[in-house]
Amino acid sequence: MTPDLCLVCILLIPLAATGLALIHQGLGRSRSAAHAMLATLCSLAIAAVVFVLLGSSWMGFSGGLAHTFHLAGKSIDWLGAEPLFATGLASNPTHSLYPAFVLAFGIFAAGLASLIPISAGTDRWRLAAICAASALFAAIIFPVFAHWVWSNGWLAQLTPLFGLPAFADLGGAAVLNVLGGLAALSVAWILGPRQGKYADRIATAIPGHNIVQVLFGCILALIGWIGLDCAAAILFYRITYAQILLTVINAVLSASTGCLAAVVTTQLRYRKPDASLSANGWIAGLVAGSAGCGLLSPLATIFIGLIAGTLVTLLVETLEPRLFIDDPGGAISVHLGAGLWGILAFGFFAPTTGPRPALILTQLIGIATLLGVMFPLIHVLHRLLNKFIPFRVDADGDWQGMDVRELGAGAYPEFVVHADEFVPR
Amino acid sequence: MLIGYLLMVSGWLLVLASLFLLAGFGQRFTFVVAGLLVELLGLTLTALRYRSLQRGPE
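Here is what the cut-offs are and how they apply
- Residues numbered from 1 in each chain as written.
- Chains lettered and ligands numbered in written order.
- Predicted model: local features only at pLDDT ≥ 70, side-chain atom pairs only at ≥ 80, totals over all residues.
- Helix = DSSP H or I, 4+ residues; strand = E, 2+ residues; numbered from the N terminus.
- Rg over C-alpha atoms; globule rule 2.2 N^0.38 Å.
- Buried ≥ 20, exposed ≤ 12 C-beta atoms within 10 Å, placed from the backbone.
- Contact = placed C-beta atoms within 7 Å.
- Nonpolar A, V, L, I, M, F, W, Y, C, P; charged D, E, K, R; others polar.
- Core = buried A, V, L, I, M, F, W, Y, C linked by C-beta atoms within 7 Å.
- Axes fitted to C-alpha atoms, helices over the stretch in contact; angles between N-to-C directions.
- Parallel < 35°, antiparallel > 145°, perpendicular 65-115°, else oblique.
- Pairing = 2+ DSSP bridges.
- Left-handed = near helix turned anticlockwise from the far one by under 90°.
- Bend = angle between axes of the 7 residues up to and from the residue.
- pLDDT = per-residue confidence, 0-100.

Engineer: Quick rundown of the overall build of chain A? Include the residues and the values.
Structural biologist: Scanning chain A for helices and strands turns up 16 helices and four strands. Its C-alpha atoms give chain A a radius of gyration of 21 Å, near enough to 22 Å, the size a compact globule of 425 residues would have. Overall size of chain A, expressed as C-alpha extent along the three principal axes, is 65 × 45 × 40 Å. Evaluated residue by residue, chain A yields a buried proportion of 60% over its 425 residues.

Here it is in structure tokens:
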């Protein structure tokens, strides 16, 4: 491990959160812009505190303490068992640097993943519920799956357990993005669509209020994503210096091709490039490319980015009008759809010394675990939480906007008030 | 909706069972793919249920 470089990479991760925050507030309505940004800050803050207090214990780290059980003569490592409240670090100053690095990385990673669902709940998800959901995410959902993949849990031990290659996720396509995307899907289902979105059962376009901020957010997200990919790959896969450079190149390539694919797809379908979908294509490329960031060849990354950018456009067109899923920021298509594609693509394109089908099988097992264990867990937890802290703002708040309703003041007080904001319906 | 959730979990159990009980690569691959298909069926059922809730009565 190269500690200085790893630290710099970790410090870049908040830029990814900044980028995502700008994207989802820009794609929402102006009357909820301040709420969206404050929700992002609160989500990051709560995730950091809860992850240090609880999540870091359950995420653990490779070589650390873990809970195991025995099944059919095999020892299954299923949860970290480090001391709660991160007391292990403070009580042992001579401790190796590695746990401290994992903790620092986990704080930002848990925060970044926990704010992905905010994008799907823009304009109607209450702040208190966002905070509670972020706490749940950082305490339980993220640490459990991160342990399985990154802390020598059972998905990382498929070789000794079952003679298969280990499930690989170098940059967090599964651990951050697919988990966040699944949480976004759950939130979108629980909240339901924004009022006026499906007038007469036909999807109505509610355009984002500031596309310039969305596109600026894409640039910030690229820098943050490079840091995220490099930090995760250095910490959990011990990539070499040359592979770190390859990670940087691949991140730029995947984002670029994702964006270009979305530009071309929307040009072909709508006769003009769509800026918001192109921004989504950029992020989708980053997400898909992160699964194998330091190992894939640039050519494979270009292909993965192209598919991700095209896929995200098609998914948005399917989820919104056909499945009645109102996802203003496109989080489900971008983080879930492109993330799953990235995980699968790793099986097809990653260099391997063993048989290729075994690597594909391993990646499929990871996808099956995400869909079959993590999604039901996320959705049940969200539904329980919704009973105690209602997710959705009331009908008046929906039209009034989250800024005035929950914060008491708008983000742009000098702007002209939209005609429909205070009109009773 | 409950059936959808149960199918998703059942699909994963099928995947897990194939790892523990089967040794041949072909058998494992088949059962893992079958498990994934069961999960996707569960996800589809849940999605359709939510769609009908959002659309409201005909």
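Engineer: An account of the overall build of chain B is needed here, citing residue identities and associated values.
Structural biologist: For chain B, the count of helices and strands is two helices and zero strands. In summary, chain B has a C-alpha radius of gyration of 15 Å against a globular reference of 10 Å for 58 residues, an excess of more than 25%. Each principal axis of the C-alpha distribution contributes one length, and for chain B these read about 50 × 15 × 10 Å. Here chain B, with 58 residues, has 34% of them falling under the buried criterion. For chain B, the share of sequence-separated contacts (at least 6 apart) that also reach a separation of at least 24 residues comes to 67%.

Engineer: Give me the lowdown on the interface of chain B and chain A, citing residues and values where you can.
Structural biologist: With 22 residues of chain B in contact, the opposing surface of chain A contributes 21 residues. If you list the elements that add at least two residues to the side of chain B that touches chain A, you get α1 (2–21) and α2 (25–55) of chain B. The biggest single contributor to the side of chain B that touches chain A is α2(B), with 14 residues. Split into classes, the residues belonging to the side of chain B that touches chain A amount to 15 nonpolar, three polar and four charged.

Engineer: I'd like a description of the nonpolar core, backed by residues and values.
Structural biologist: Residue and element names in this part refer to chain A. In terms of nonpolar packing, the biggest core is built from 163 residues, with Leu179 and Ala231 touching the most fellow members. It is helix α6 (residues 127–150) that contributes the most residues to this core, 16 residues altogether. Those residues within four positions of leucine 179 in sequence are excluded, and the remaining contacts are Ala113, Ile141, Phe142, Phe145 and Met374.

Engineer: Tell me what's going on with the packing of helix α9 (residues 211–237) of chain A against helix α11 (residues 275–290) of chain A, and back it up with residues and numbers.
Structural biologist: Any two packed helices are characterised by the angle at which their axes cross and by the distance between the axes. Residue and element names in this part refer to chain A. Across the interface, α9 lies against α11 with an axial gap of 9 Å and an inter-helix angle of 5 degrees. Between α9 and α11, the angle is such that the two are roughly parallel. Touching Ile211, Val214, Leu215, Cys218, Ala221, Leu222, Trp225 and Asp229 of α9 are Ala275, Ser276, Ala279, Trp282, Ile283, Leu286 and Ser290, all from α11. Tallied by class, residues from the contact of α9 with α11 come to 12 nonpolar, two polar and one charged.

Engineer: Run through the pairing of strand β1 (residues 66–71) of chain A, naming residues and quoting values.
Structural biologist: All names here are of chain A. Pairing analysis gives six bridges linking β1 to strand β2 (residues 74–80), with the strands arranged antiparallel. Each bridged residue has a counterpart across the sheet, and for histidine 67 the counterpart in β2 is leucine 79. Hairpin connection between β1 and β2: a loop of two residues separates the two successive antiparallel strands, and alanine 72 in this loop has a positive phi of roughly 50 degrees.

Engineer: If you had to explain unusual backbone geometry to someone new, which residues and values would you point to?
Structural biologist: All names here are of chain A. A positive phi is found at aspartate 123, a non-glycine position, where the angle reads about 80 degrees. Along the chain, aspartate 123 turns up in the loop between α5 (116–120) and α6. Residues other than glycine seldom take positive phi values, yet arginine 271 does so here, at roughly 70 degrees. Within the secondary structure, arginine 271 sits in the loop between α10 (241–270) and α11. Residue classification places arginine 271 among the exposed positions, given that 7 C-beta atoms sit within 10 Å.

Engineer: How would you summarise the packing of α6(A) against helix α8 (residues 173–191) of chain A if you had to cite specific residues and measurements?
Structural biologist: Residues and elements named next belong to chain A. At a minimum axis distance of 10 Å, the contact between α6 and α8 shows a crossing angle of 140 degrees. With respect to α8, the element α6 is oriented oblique. Considering only the axes of α6 and α8, their crossing is right-handed. Counted together, Phe137, Ile141, Phe142, Phe145, Ala146, Val149 and Trp150 of α6 and Ala174, Val175, Leu179 and Ala183 of α8 form the full contact between these two elements. Considering only residue class, the contact of α6 with α8 consists of 11 nonpolar, no polar and no charged.

Engineer: An account of α6(A) is requested, with residue identities and associated values reported.
Structural biologist: All names here are of chain A. The sharpest bend along α6 comes to roughly 45 degrees, located at phenylalanine 137. Counted residue by residue, α6 has 19 buried out of 24 residues, so it is predominantly covered. Once α6 ends, the next one or two residues include asparagine 152, with phi positive near 65 degrees.

Engineer: Before we move on, could you go through the environment of Ile343(A) and cite the residues and values that matter?
Structural biologist: Relative to the elements of secondary structure, Ile343(A) occurs in helix α13 (residues 331–349). Separated by 20 residues in sequence, Ile343(A) and Leu323(A) have C-alpha atoms that sit 24 Å apart.

Engineer: Report on the environment of Leu215(A), specifying residues and quantitative values.
Structural biologist: Residues and elements named next belong to chain A. As for its placement among the helices and strands, leucine 215 is situated in helix α9. Between the C-alpha atom of leucine 215 and that of alanine 275, which follows or precedes it by 60 residues, the distance is 7.9 Å. The contact partners of leucine 215, leaving out residues within four places of it in the chain, are Ala275 and Ala279.

Engineer: Tell me about the confidence of the model for chain B, and please be specific about residues and values.
Structural biologist: With 95% of its residues at a pLDDT of at least 70, chain B reaches an overall mean of 91. Model confidence for the complex: the whole-complex pTM is 0.95, and ipTM, which rates the interface, is 0.95.

Engineer: I'd like a description of the environment of Ser134(A), backed by residues and values.
Structural biologist: Residues and elements named next belong to chain A. Relative to the helices and strands, serine 134 is located in helix α6. Of the residues examined, serine 134 has 30 C-beta atoms within 10 Å and is grouped as buried. Distance in space between the C-alpha atoms of serine 134 and alanine 48 is 9.7 Å, their sequence separation being 86 residues. Ignoring anything within four residues of it in the chain, the contact list for serine 134 reads Ser43, Ile46, Ala47 and Ser114.

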